[in-house]
Amino acid sequence: MLHLLATLVLGQTSSTYIQRDDYGVPHIKAPTWAQAFKAAGYAVAQDRLWQLENSRRVSRGKMAEAFGPSFVASDREVLLSGYTDEEIRAQIDALNPRLKEAWESYAQGINEYINWAKAAKRLPKPYADSGLEPEPWSTLDSAAIAIRIGQLFGRGGAGEIRNMALLGYLKTQPAKDRVLDVLDDFAWQNDPRAIPTVPSAEDPLARSFPKFFSPKRPDTERHIAQLPNANLFELLPGLRLASLEESNRVAEARNVLFKTGSYAVVVSASRSAYGWPLLLSGPQMGFTTPSIIHEMSIEAAGLSVVGLDVPGIPGVLVGHTRSIAWGLTSGVADTDDIFFSKISGSDSYSYGSETRKLVQVKRVLRVKGEEPKEVIQMRTHYGPIVVTTSGGAYFSRRSSFAGKELQGFDALAGLWDAAGPSDIAKAVERIPLTFNIFYATSKGDIGYRYGGLVPMRAPGLDPRFPTPGEPANDWKGFVPKDRMPFLLNPKSGVIANWNNKPASWWPNFDTPAWGRLFRNERLLSNLQGKLSIQSLESAAWNIARQDELGVVFQSRIISALDGVRLDEVEGSAAAYLGAFGGMNLEGSQGATIHRATVDALREELFAQHTGTFLSPDLFRIAAQPSVMLDALEGKTTERAPADYVRELFDRFQAEAKTIYPRVEEQIRRQSASLNLDSLLKGLTPS
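Definitions and cut-offs
- Sequence order as written defines residue numbering, which begins from 1 separately in each chain.
- Restriction of local features to residues with pLDDT of at least 70 applies here, the model being predicted, together with a cutoff of 80 or more for giving and counting side-chain atom pairs; totals for whole chains, interfaces and linings are based on all residues.
- Hydrogen atoms and water are omitted, and side-chain values are computed over all heavy atoms in the structure.
- In DSSP terms, a helix is any run of H or I states spanning at least four residues, a strand is any run of E spanning at least two, and both are numbered starting from the N terminus.
- Buried means the residue's accessible area, taken with a 1.4 Å probe over protein chains only, is under 20% of the maximum for its type, while exposed means over 50%, and partly exposed covers the values in between.
- A 1.4 Å probe and the Shrake-Rupley method give the accessible areas. Residues count as covered only by the protein chains that appear here.
- The pairing criterion is simple: DSSP has to find at least two bridges between the two strands.
- When checking whether two residues touch, look at their non-hydrogen atoms; a contact exists if any pair is within 4.5 Å.
- To get an axis, a line is fitted to the C-alpha atoms, and for a helix only the part in contact is used. The angle between two axes follows their N-to-C directions and goes from 0 to 180 degrees.
- Only Phe, Tyr and Trp rings take part, Trp by its six-membered ring, and two of them pair if their centres are within 6.5 Å. Stacked means planes under 30 degrees apart, edge-to-face means over 60, and tilted covers everything else.
- Cation placement over rings: the criterion is NZ of Lys or CZ of Arg within 6 Å of the ring centroid and within 35° of the ring normal.
- The salt bridge criterion pairs a side-chain nitrogen of Lys or Arg with a carboxyl oxygen of Asp or Glu, the two atoms within 4 Å.
- Throughout this description, any angle smaller than 35 degrees is read as roughly parallel, any larger than 145 degrees as roughly antiparallel, any in the 65 to 115 degree range as roughly perpendicular, and the remainder as oblique.
- In this scheme, a crossing is called left-handed if the near helix is turned counterclockwise away from the far one by less than a right angle; it is called right-handed if the turn is clockwise.
- Confidence of the predictor at the level of single residues is captured by pLDDT, which takes values from 0 to 100.
- Following the grouping adopted for this structure description, the nonpolar residues are Ala, Val, Leu, Ile, Met, Phe, Trp, Tyr, Cys and Pro, the charged ones are Asp, Glu, Lys and Arg, and the polar ones are all others, Gly among them.
- Note that the arc is defined by the directions from the helix axis to the C-beta atoms.
- The term polar contact refers here to a pair of N or O atoms within 3.5 Å; inside protein, the definition further demands a hydrogen-donor-capable atom paired with an acceptor-capable atom, and it admits residues adjacent in sequence only when both atoms are side-chain atoms.

(A) Just the overall build of the protein, in detail. The number of helices and strands found in the protein is 25 helices and 20 strands. A burial count over the protein gives 57% of its 686 residues as buried. As displayed, the protein offers around 28900 Å² of accessible surface, 52% of which is attributable to carbon and sulfur atoms.

Structure, rendered in structure tokens:
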């Protein structure tokens with residue numbers, strides 16, 4: 001009654017278009033787009049106003065203004081790498097008129113609820129706790145959130161700084177004479193054993209895919225010789241800036257988007273237990289309360305869409321209409337490169353025979369209880385500078401989609417009108433961000449499209465390292481839209497993806513993401529025979545718990561445990577490993593020992609040659625399971641036997657006793673909740 005009275009008094013009508021089901025999900029039915037999206041904004045504000053507040057502040061670098069100096073690092077990162085308000089507004093103005101109206105109406109709806117909540121004294125409690133009142137919502141707020149999400153989910157690459165740091169680190173390790181061998185093992189370009197989304201036998205581009213330059217050893221050596229001097233301490237801040245480390249940390253703490261991933265499965269009518277297609281889209285954005293995502297349906301003139309929205313961004317991003325259903329996963333394509341330019345004076349740099357001025361973008365960082373601070377973002381023509389080295393170089397980040405992020409959301413809105421595969425293809429071709437799009441239609445088609453602007457790089461360069469900022473090395477256009485991986489109605493009747501390689505011919509470029517061992521293998525193994533809704537639910541349940549390595553190393557590890565016979569040693573580590581079925585269930589002793597032993601195996605194989613990369617987490621990232629398995633099988637380098645890894649499996653087996661102390665220490669670090677005394681009593685072999 002209070003809500004109805006306030007609505008009448010304040011003249012607010014958006015709530016009249018909102019109905020909620022038994023789960024509280026808002027269903028919006030309105031005569032016009034403007035009314036529908038105004039109601040959508042109102043409904044989201046009802047559900048998530050405090051989350052909206054945090055999301056816009058993280059995205060626009062305004063956390064410290066409200067919450068104090070502890071948020072300065074996050075805000076500085078955003079201001080050093082992001083767009084000005086004028087640049088964001090230009091993206092909004094470039095939206096098609098229908099979508100721009102939706103965004104403006106959505107902001108009006110949020111403000112309508114803010115005004116009601118203020119008048120009714122119903123603002124979320126954290127406002128009072130923080131001494132805040134919500135400022136009016138604007139399309140700039142929505143656009144900043146959308147740009148942040150697009151850059152987290154829809155970009156890849158810029159790993160060149162990491163690889164340059166890796167190169168410098170390896171030069172200090174015992175394998176320094178084989179640095180490029182180690183680099184090729186740890187940062188490989190293309191592994192034909194990796195399972196792609198598009199099976200090679202059904203790849204429509206198998207004979208006409210774009211030809212990417214693949215560097216040989218002399219190319220790599222020439223490229224490395226051009227790199228400017230830079231030490232690890234200069235590179236690491238740039239690496240953190242390029243990965244938005246600080247703002248992601250704050251986002252996680254404040255329950256707004258910080259993590260990317262996602263899996264999807266689409267099943268044809270012939271493989272479906274029901275005779276019609278099925279689609280499962282599983283966004284992986286972390287587990288928070290409230291959730292990162294929201295649900296709604298919207299019906300208006302010419303629009304009927306149901307599914308997932310992200311608070312702050314108008315419309316459904318993953319869902320279905322009466323004609324199609326679609327899902328998204330992050331594409332992980334290499335859309336970003338680091339270019340380095342020679343410093344030429346205090347405010348300029350060299351580009352070929354030219355001397356160009358740096359662009360200075362001055363921003364204001366406001367801090368609660370303190371004087372405002374000035375943050376100056378420096379740019380070359382490639383993009384924001386992320387590293388300035390004492391060796392006389394600027395490192396800039398160039399993004400293929402710079403200034404076009406909102407075009408991606410405009411393109412996704414095109415799916416709301418799509419009737420079939422050709423309409424979907426046209427919408428996906430307009431997406432500048434890198435996404436995997438999966439769909440099923442009411443007519444029975446299923447398909448997959450790989451979207452994004454992927455650069456075609458100059459020949460002769462190694463894409464793993466920063467590019468010399470010279471005209472000859474500039475990008476040579478982008479992968480043609482009709483040469484991006486796709487698949488329509490495969491014979492297998494199933495298309496599945498877990499951020500894996502799109503096609504067999506697609507390289508890793510600067511980030512060794514896809515190898516012979518990858519998590520999509522677990523997803524595919526759970527999709528056998530006729531599939532039902534329950535089958536897909538079961539697959540989702542299983543892959544959330546199955547160990548990423550499965551039992552790949554289990555038999556090797558067990559046989560290496562100094563010849564211990566499992567039937568003779570009750571309560572030993574080997575016995576627990578023998579009972580480990582590959583499921584990471586809470587309290588599983590076998591799973592704990594398995595993870596600890598794999599970590600110890602990694603250390604045994606590589607540490608004395610490559611070091612441990614300064615931390616266990618970095619060591620795990622560098623020495624991936626695919627590299628470990630290759631090392632065990634003596635396949636770590638294509639050109640010659642990997643003699644920098646002499647201690648392969650035989651040595652591991654012969655000296656297994658040296659592994660036990662490390663296993664015990666790993667277990668103590670990984671699982672303090674277990675009863676370690678009983679768990680470890682059988683660790684030392686007799």
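(B) Fine view of the pairing of strand E16 (residues 435-441). Across the 7 residues of E16, 7 count as buried, placing the element largely inside the fold. Residues Phe435, Ile437, Tyr439 and Thr441 line one face of E16 and the alternating positions Asn436, Phe438 and Ala440 line the opposite face, and both faces are buried. With 7 bridges connecting them, strand E8 (residues 324-330) and E16 associate as antiparallel partners. Its bridge partner being in E16, threonine 329 is matched across the sheet by asparagine 436. One ladder, built from 6 bridges, connects E16 with strand E17 (residues 446-451); its direction is antiparallel. Counted as the bridge partner of isoleucine 437 is arginine 449 from E17. A loop of 4 residues connects E16 with E17, the two strands running antiparallel in sequence, and glycine 444 in this loop sits at a positive phi of about 105°.

(C) Inspection of the pairing of strand E11 (residues 354-357) at higher detail. Summarising the sheet, strand E10 (residues 348-351) and E11 pair through 4 bridges and their orientation is antiparallel. Bridge pairing in E11 places tyrosine 351 opposite glutamate 354. The antiparallel pairing of E10 with E11 creates a hairpin that spans 2 residues between the two strands, and glycine 352 there sits at a positive phi of about 65°.

(D) How the structure looks around the sheet that holds strand E18 (residues 467-468). A sheet is described by the order of its strands in space; here 4 strands give the open sequence E14-E15-E9-E18, paired in mixed fashion. Of all the strands in the sheet, the pair left with one neighbour each is strand E14 (385-389) and E18. Pairing of strand E9 (residues 336-342) with E18 involves 2 bridges; the strand directions are parallel. Along E18, the bridge assignment pairs phenylalanine 340 with proline 468. In the packing of helix H9 (residues 160-170) onto the sheet, contacts are made with E9, E14 and strand E15 (393-399), and the angle to E9 comes to roughly 65°. Those strands touched by helix H12 (residues 232-242) are E14 and E15, and its axis lies near 180° from that of E14.

(E) Quick peek at helix H4 (residues 72-81). Here H4 has its buried residues at Val72, Ser74, Asp75, Glu77, Val78 and Leu79. Looking at the buried side of H4, the elements it contacts are helix H2 (33-60), helix H3 (63-67), H12, helix H13 (245-253), strand E12 (359-365) and strand E13 (373-379).

(F) How the structure looks around the packing of aromatic side chains. Inspection of every chain in the model, using the stated rule, returns 26 aromatic pairs. Between tyrosine 263 and tryptophan 498, the ring centres sit 5.8 Å apart and the planes meet at 75°, which makes this aromatic pair edge-to-face. Taken together, the residues span a long stretch of sequence, with tyrosine 263 in strand E3 (residues 263-267) and tryptophan 498 in the loop between strand E20 (494-497) and helix H16 (520-525) at a distance of 235 residues. The exposure class of tyrosine 263 is buried, given its relative accessible area of 12%. Its relative accessible area of 4% is what places tryptophan 498 among the buried residues. A network of ring pairs unites the aromatic residues Phe209, Phe212, Tyr450, Trp505, Trp506 and Phe509 as a single cluster. One Lys or Arg, lysine 211, reaches over the ring of phenylalanine 209 and ends 4.4 Å from the middle of that ring. The aromatic ring of phenylalanine 509 is capped on one face by arginine 457, whose charged end is 5.0 Å from the ring centroid.

(G) Summary view of the pattern of salt bridges. Taken as a whole and judged by the stated rule, the model has 36 salt bridges. Residue aspartate 141 is joined to arginine 56 by a salt bridge in which the shortest nitrogen-to-oxygen separation is 2.9 Å. Within this pair, whereas aspartate 141 is found in helix H8 (residues 139-153), its partner arginine 56 is found in helix H2, the two being separated by 85 residues in sequence. Neither residue differs from the other here; aspartate 141 and arginine 56 are each classed as buried.

(H) Focus on the packing of helix H20 (residues 589-610) against helix H22 (residues 625-632). Running from N to C, H20 and H22 point in directions that differ by 60°, and their axes come no closer than 11 Å. Comparing the axis directions of H20 and H22 gives the class oblique. Both H20 and H22 take part in a crossing whose hand is left-handed. Across the interface between the two elements, Val598, Leu601, Arg602, Leu605 and Phe606 from H20 touch Val627, Met628, Ala631 and Leu632 from H22.

(I) Structural context of the confidence of the model for the protein. With 87% of its residues at a pLDDT of at least 70, the protein reaches an overall mean of 88. Considering only residues more than four positions removed or in separate chains, one finds that residues 562-571, a stretch of pLDDT under 50, has 14 contacts. Predicted confidence is poor over residues 671-686, with pLDDT under 50, and the contacts of this stretch with residues over four places away or in other chains come to 27 contacts.

(J) Region of the structure containing the sheet that holds E20. The 3 strands are arranged E4-E3-E20 in an open sheet whose pairing can be described as antiparallel. Of all strands in the sheet, those bounded by a partner on one side alone are strand E4 (278-282) and E20. Averaged over all pairs of adjacent strands, the angle between their axes in this sheet comes to 0°, without regard to strand direction. Note that E3 and E20 share 4 bridges and pair antiparallel. Of the residues in E20, the one forming a bridge with valine 265 is alanine 496.

(K) A look at the packing of helix H5 (residues 85-93) against H8. Two numbers describe how H5 lies on H8: the axes approach to 10 Å, and their chain directions differ by 90°. Between H5 and H8, the crossing angle belongs to the class labelled roughly perpendicular. Contacts between H5 and H8 involve Asp85, Ile88, Arg89, Gln91 and Ile92 from the first element and Thr139, Leu140, Ala143, Ala144 and Ile147 from the second. Classifying every residue of the contact of H5 with H8 gives 6 nonpolar, 2 polar and 2 charged.

(L) Structural detail: H12. Among all positions in H12, only Glu234, Leu235, Gly238, Leu241 and Ala242 are buried. Within H12, the buried residues cover an arc of 120° as seen down the axis, which keeps them to one side. One side-chain oxygen at the N-terminal end of H12 lies 3.0 Å from the backbone nitrogen of phenylalanine 233; it belongs to asparagine 231. One or two positions beyond H12, positive phi appears at leucine 244, with a value near 55°.

(M) Spotlight on the side chain of threonine 288. Structurally, threonine 288 is set in the loop between E4 and strand E5 (294-300). Threonine 288 gets classed as buried once you look at its relative accessible area, which sits at 16%. Within the structure, threonine 288 has its side chain in polar contact with the backbone oxygen of proline 290 (distance 2.6 Å). When near neighbours in sequence (up to four residues on either side) are disregarded, threonine 288 contacts Asn255 and Phe258.

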